[in-house]
Protein chains: 2
Amino acid sequence: MRMSAEERRESVVRAAMIEFARGGYRGTSTEAIARRVGVSQPYLFRLFPGKQAIFEAAAERCVEETWRVFDEASAGLTGSAAAEAMSEAYMGLVGDRDQLMMQMQLYVSVFAARAAGEEGIGDSARRLWESLFERVRIRIGGDMGDATHFFAHGMLINTLVALGFPEDHRIWSGFNAHDPAE
Amino acid sequence: MRMSAEERRESVVRAAMIEFARGGYRGTSTEAIARRVGVSQPYLFRLFPGKQAIFEAAAERCVEETWRVFDEASAGLTGSAAAEAMSEAYMGLVGDRDQLMMQMQLYVSVFAARAAGEEGIGDSARRLWESLFERVRIRIGGDMGDATHFFAHGMLINTLVALGFPEDHRIWSGFNAHDPAE
DNA sequence: ATAGGTAGTGATTGGCCACTAACTTAGAAC
DNA sequence: GTTCTAAGTTAGTGGCCAATCACTACCTAT
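The structure presented is a predicted model; accordingly, all values stated were derived computationally and were not measured.

**Examining the overall build of chain A**
When helices and strands are counted, chain A shows 8 helices and 0 strands. Going from the N terminus to the C terminus, chain A shows its helices and strands as α-α-α-α-α-α-α-α. The C-alpha radius of gyration of chain A comes to 18 Å, within 12% of the 16 Å expected for a compact globule of 182 residues. Referenced to the eigenvectors of the C-alpha coordinate spread, the extents of chain A come out at roughly 55 × 40 × 35 Å. For chain A, long-range pairs separated by at least 24 residues make up 60% of all intrachain contacts whose partners lie at least 6 apart in sequence. Distance between charge centroids for chain A: 9 Å, based on 20 positive and 26 negative side chains.

Set out below in structure tokens:
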């Protein structure tokens, strides 16, 4: 049961991704995260300086993880073949809703922070996101419009997942309509 | 200063859209909404049964408002001309971030409700969104793929706005690349 | 003018939650 | 087996917030 602080931090990040994805920043208590980790709530504050730091770690992990999925799916491919492979991989993430929702929570949290006058998290989030965008853009051939197109569909998938449209709902039928060609 | 309950409800909905857009459901206090309206906090509970109901009213208004923008922009147009006009109108909404962010807050709130085991708000949100989708689809010619494409780009705009990329950032340059053709 | 309904407020409360402080226990090293 | 360090806990605090209750002010009709 006992593990090193570094290992614990790792499991906290994983638990936090799930809890924050479902509840958002304000809607998630540190108690809930601790319970999922299997540790007492105050101990989180010995592993991280505060709730905010846990969220930021989870957010960063989430973006990294997304790239990992893209990277694995498109290994050795380029151009539209890579785009297709990554699209398919992202559709696969629909089954792991927490991953997609953590992204959304990051987006709205950045906005909330900005609205509250704190710019801290925004900078790092933009850097993370832009870096993901760039890596994908290069992988699919370098065209800006293609990358925009790719991410646009990803964001729509996030939205439909958030709203809870079942997988066989007709709203999903618009995907794959143009995809193979592009 | 004194106004009818109906008028007050109207101004509460408008104020709530702004506050919820910036803070999210959990991050917005009824106190903040009341302050923006210029009314005491307890009075909100005479106008609405609870915080949840205020959020739902704001969410519905937000989707309706989005359609109003699309409808006005594309009045008399059809097909790709309508799509172009609506795209441009949506880009115009980037200047009114609260409108876009209220959408995002609705999406994550629906997911949060689902995760917490309450399905109530999800049903109405999906109905609202699908109805918007359908009206747009018809307006731009009826093709499912085109409508998907249209909304995908809208959702990406939401994301970039949330993350706070400045308007002249290169991340925006991927729009308009394919747009006129489609 | 007064009666009655509607708009609106002040005071309060019970519950939750991030965070702190003080303490306890496991295990590695010798 | 004792000692020392790092992992972990129990108990508590101050602040915030949704919702309630009892009350006051305004307007309108007769």
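Next comes the rest of the account.
**Observations regarding the protein's contact with DNA strand C**
Not every one of the 21 residues close to DNA strand C is listed here, only the nearest: Thr30(A), Gln41(A), Lys51(A), Ser40(B) and Arg46(B). Backbone sugar and phosphate groups make up 53% of those atoms of DNA strand C lying within 4 Å of the protein. Contact distances for DNA strand C include 2.9 Å between a base oxygen and a side-chain N or O atom of Arg2(B). At a separation of 3.0 Å, a phosphate oxygen of DNA strand C approaches a polar backbone atom of Ala5(B). Mapped onto the surface near DNA strand C, the elements with two or more residues apiece are α3 (44-47) of chain A together with α1 (5-23) and α3 (41-47) of chain B. With 3 residues, the top contributor of residues to the surface near DNA strand C is α3(B). Each residue belonging to the surface near DNA strand C can be placed in one class, and the counts come to 8 nonpolar, 7 polar and 6 charged.

**Some words on the packing of aromatic side chains**
Aromatic ring pairs: the centre-centre distance and the angle between the two ring planes describe each pair. Residue and element names in this part refer to chain A. A complete count under the given rule lists 22 aromatic pairs over all chains for this structure. Where Trp129 meets Phe133, the ring centres are 5.9 Å apart and the plane angle is 25°; that geometry is what we call stacked. Of this pair, Trp129 and Phe133 both sit in helix α7 (residues 120-139), separated by 4 residues, roughly a single helical turn. In terms of burial, Trp129 and Phe133 fall into one category: buried. Their ring planes at 55° and their centres at 5.1 Å tell us that Trp129 and Phe151 sit as a pair that is tilted.

**Re helix α2 (residues 30-37) of chain A**
Inspection of α2(A) places Thr30(A), Ala32(A), Ile33(A), Ala34(A) and Val37(A) among the buried residues, and these make up the whole buried set. Looking at the buried side of α2(A), the elements it contacts are α1 (5-23), α3 and α4 (51-73) of chain A.

**Topic: the side chain of Thr66(A)**
Mapping Thr66(A) onto the fold places it in helix α4. Contact partners of Thr66(A), with chain neighbours within four places excluded, come to Tyr90(A), Gln99(A), Gln103(A) and Leu132(A).

**Focus: the nonpolar core**
Of all hydrophobic cores here, the largest spans 128 residues; its most connected members are Trp129(A) and Trp129(B). Beyond its immediate sequence surroundings of up to four residues, Trp129(A) is in contact with Tyr107(A), Phe151(A), Met155(A), Leu156(B), Thr159(B), Leu160(B), Leu163(B), Phe165(B) and Ile171(B).

**As for the pattern of salt bridges**
All names here are of chain A. One pass over the full model with this rule turns up 28 salt bridges over all chains. Arg68 serves as the salt-bridge partner of Glu65, at 2.9 Å between the closest nitrogen and oxygen. Taken together, the positions of Glu65 and Arg68, both in helix α4 and 3 residues apart, correspond to about one turn of that helix. Under the relative-accessibility criterion, Glu65 is labelled partly exposed at 25%. The partly exposed category is assigned to Arg68, whose relative accessible area is 40%.

**What about the packing of helix α6 (residues 97-115) of chain A against helix α8 (residues 144-163) of chain B?**
Remark: α6(A) packs on α8(B), axes separated minimally by 7 Å, with the N-to-C direction vectors making an angle of 40°. By the angle between their directions, the pair α6(A) and α8(B) is classed as oblique. Regarding α6(A) and α8(B), the two cross each other, and that crossing is left-handed. Facing α6(A), whose interface residues are Tyr107(A), Val110(A), Phe111(A) and Arg114(A), α8(B) presents Thr159(B), Val161(B), Ala162(B) and Leu163(B). Residue composition of the contact of α6(A) with α8(B), by class: 6 nonpolar, 1 polar and 1 charged.

**Points about the protein's contact with DNA strand D**
In the vicinity of DNA strand D, 21 residues are found, and the nearest of them are Ala5(A), Ser40(A), Arg46(A), Thr30(B) and Phe45(B). Backbone atoms, meaning sugar plus phosphate, form 54% of the atoms of DNA strand D positioned within 4 Å of the protein. Contact distances for DNA strand D include 2.9 Å between a sugar or linking oxygen and a side-chain N or O atom of Arg2(A). Within the backbone of Ser40(A), an N or O atom sits 2.7 Å from a phosphate oxygen of DNA strand D. The set of elements that each furnish at least two residues to the surface near DNA strand D consists of α1 of chain A together with α3 of chain B. Of the residues forming the surface near DNA strand D, the biggest block, 4 residues, is contributed by α3(B). For the surface near DNA strand D, the per-class residue count stands at 8 nonpolar, 7 polar and 6 charged.

Each value, and the rule that gives it
Residues numbered from 1 in each chain as written. Chains lettered and ligands numbered in written order. Predicted model: local features only at pLDDT ≥ 70, side-chain atom pairs only at ≥ 80, totals over all residues. Heavy atoms only, no water. Helix = DSSP H or I, 4+ residues; strand = E, 2+ residues; numbered from the N terminus. Rg over C-alpha atoms; globule rule 2.2 N^0.38 Å. Contact = heavy atoms within 4.5 Å. Lys, Arg positive; Asp, Glu negative; His and termini not counted. Charge placed at Lys NZ, Arg CZ, Asp CG, Glu CD. Near = heavy atom within 4 Å. Polar contact = N/O pair within 3.5 Å; in protein donor to acceptor, adjacent residues only side chain to side chain. Nonpolar A, V, L, I, M, F, W, Y, C, P; charged D, E, K, R; others polar. Phe/Tyr/Trp six-rings, centres within 6.5 Å; stacked < 30°, edge-to-face > 60°. Buried < 20%, exposed > 50% of the residue type's maximum accessible area, 1.4 Å probe, protein only. Core = buried A, V, L, I, M, F, W, Y, C linked by side-chain atoms within 4.5 Å. Salt bridge = Lys/Arg side-chain N within 4 Å of Asp/Glu carboxyl O. Axes fitted to C-alpha atoms, helices over the stretch in contact; angles between N-to-C directions. Parallel < 35°, antiparallel > 145°, perpendicular 65-115°, else oblique. Left-handed = near helix turned anticlockwise from the far one by under 90°.

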